[in-house]
Every structure is written in C-alpha cells, then in structure tokens.
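Chain and residue survey
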Amino acid sequence: MADKIFENNQVTVTGEIISDFQYSHQVYGEGFYMIEVSVNRLSNYADTIPVMVSERLIDTQQSYIGQCIRVDGQFRSYNRHEEKKNRLVLSVFARELEFVSEIPEGERSNQIFLDGYICKPPIYRKTPLGREIADLLIAVNRSYGKSDYIPCICWGRNARFASTFEVGGHVQVYGRIQSREYVKKLSETEAEHRIAYEISVSKVEYIE
C-alpha cells in the first residue's frame, strides 16, 4: 500500500460469508453495508468478523452466504451513542474484495498490522493459572484528523513488555482480529449477548 495513510493500518482476512448485507450508512451518496465473515483459527474455533463494504465494490443486493472471500482493508472504530454513553464499534473497512475457491495452504487467513500510539495506561494482570495478559488501547491516525481506537491484548513476554508502555508511546503491532462473546447485564432482569473485537498480538515493537 503505497499511500501513506493506509500504511499504518492494514488488514487481510479470508473466510466464509455467513450473513447477508445489512445497510449501515451513506456518505456523499455512497452506501455502505455490513456483512459477517467467519474466519478459522488454527484451533477448531472461528472468529466472526464484521466487514463494512461499499455498494460500489459489490452488488450488495445479492446473497453470498457460503462463499469464501478475501478482504483487504483497515480495522476502524466509531463511537455509537447508546444507553447514555458511547460504545466503541469496530469493523474491517473493505478496500478490496476477492472471491476465492479456498484458502491456499499455509496462507494466514487473518492478519493485521497497526502503527499507532498508546492512549490509555496498559492494564496488566495474571490469570488464575499464572498466564500474563496486558490490555492496550491504541490510537491509529486516519486522514482528516480522525483516529481509530483499537483494543489489543498481549500475552506472556509481550504482556510483560507492554506493561511498561506509557501513554503517548509509539508502537507497532502485528497480530490477528479475534471475536469474543460476552453477556452484558442491562438491568436486574435483562441481559444481552454481545460480541467484542480485539487484536490478539503476536509481535509488538516500541518505537523510540
């Protein structure tokens, strides 16, 4: 990606389309739609990843459920106001789409690179079994003065390293997008199943 704006946020995912297009919004007469793509991990688990697609890239009135697709783009965020507070909503913004018959052997079906800045103090903790974890929130600059805020999770040695990062620190992160289901308690009697998205970090570098 020669364009500098797109070099600091690069995503490629390959998986199976598992939903029809749902209308999201319109910008300058261009409609954007959401689909869900199921991307297999090395384990038997699959991540469900939301992808935002322009109607100019593909016929969004058709159903493509069951077809395999490769998406190149960026991982973006926006704040949606609900229940008197903002909720961070994340999705892959598709720049290019390609239908594929299958995922080539040995190809990584889910990879992301981010170049951004620490915007909250890292949260370091250990699981009951002693596994080290660190949560990061990284701001990745976009054009027109905007930024995307991407939650990342580090493990083991990466977690210990990331726990030393300071707010404003410049970092580069390599990893994959993962989905995680949880239950949000709305009231004493109501609860809602939701899906959170974050970057599972395989490599992190601190840029001096």
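Up top is the structure these notes are about.
Okay, so let's go over this structure.

Let us now look at the side chain of Asn110. As for its placement among the helices and strands, Asn110 is situated in strand β7 (residues 110-118). Classification of Asn110 as buried rests on a relative accessible area of 9%. Side-chain polar atoms of Asn110 contact the backbone oxygen of Ile177, separated by 2.7 Å. What Asn110 contacts, discounting residues up to four positions off in sequence, is Thr12, Val13, Val39, Asp47, Ile49, Gly175, Arg176 and Ile177.

Going through the model one piece at a time under the given rule, you end up with 10 salt bridges. Between Glu198 and Arg180 there is a salt bridge, with its nearest N and O atoms 3.3 Å apart. Placement of Glu198 in strand β12 (residues 191-207) and of Arg180 in strand β11 (residues 170-185) is noted, with a sequence separation of 18 residues between them. The class of Glu198 is buried, set by a relative accessible area of 9%.

This part takes up the packing of aromatic side chains. Taken as a whole, this structure holds eight aromatic pairs when the rule is applied. An angle of 40° between the planes, with centres 5.9 Å apart, marks the rings of Phe32 and Phe93 as tilted. Of this pair, Phe32 sits in strand β3 (residues 30-40) while Phe93 sits in strand β6 (residues 85-100); the two residues are 61 residues apart in sequence, bridging distant segments of the chain. Grouping residues by exposure puts Phe32 and Phe93 together as buried. Directly above the ring of Phe93 sits Arg76, whose terminal nitrogen or CZ lies 3.9 Å from the centroid.

Rules of the game
Residues numbered from 1 in each chain as written. Predicted model: local features only at pLDDT ≥ 70, side-chain atom pairs only at ≥ 80, totals over all residues. Heavy atoms only, no water. Helix = DSSP H or I, 4+ residues; strand = E, 2+ residues; numbered from the N terminus. Buried < 20%, exposed > 50% of the residue type's maximum accessible area, 1.4 Å probe, protein only. Polar contact = N/O pair within 3.5 Å; in protein donor to acceptor, adjacent residues only side chain to side chain. Contact = heavy atoms within 4.5 Å. Salt bridge = Lys/Arg side-chain N within 4 Å of Asp/Glu carboxyl O. Phe/Tyr/Trp six-rings, centres within 6.5 Å; stacked < 30°, edge-to-face > 60°. Lys NZ or Arg CZ within 6 Å of the ring centre and 35° of its normal.

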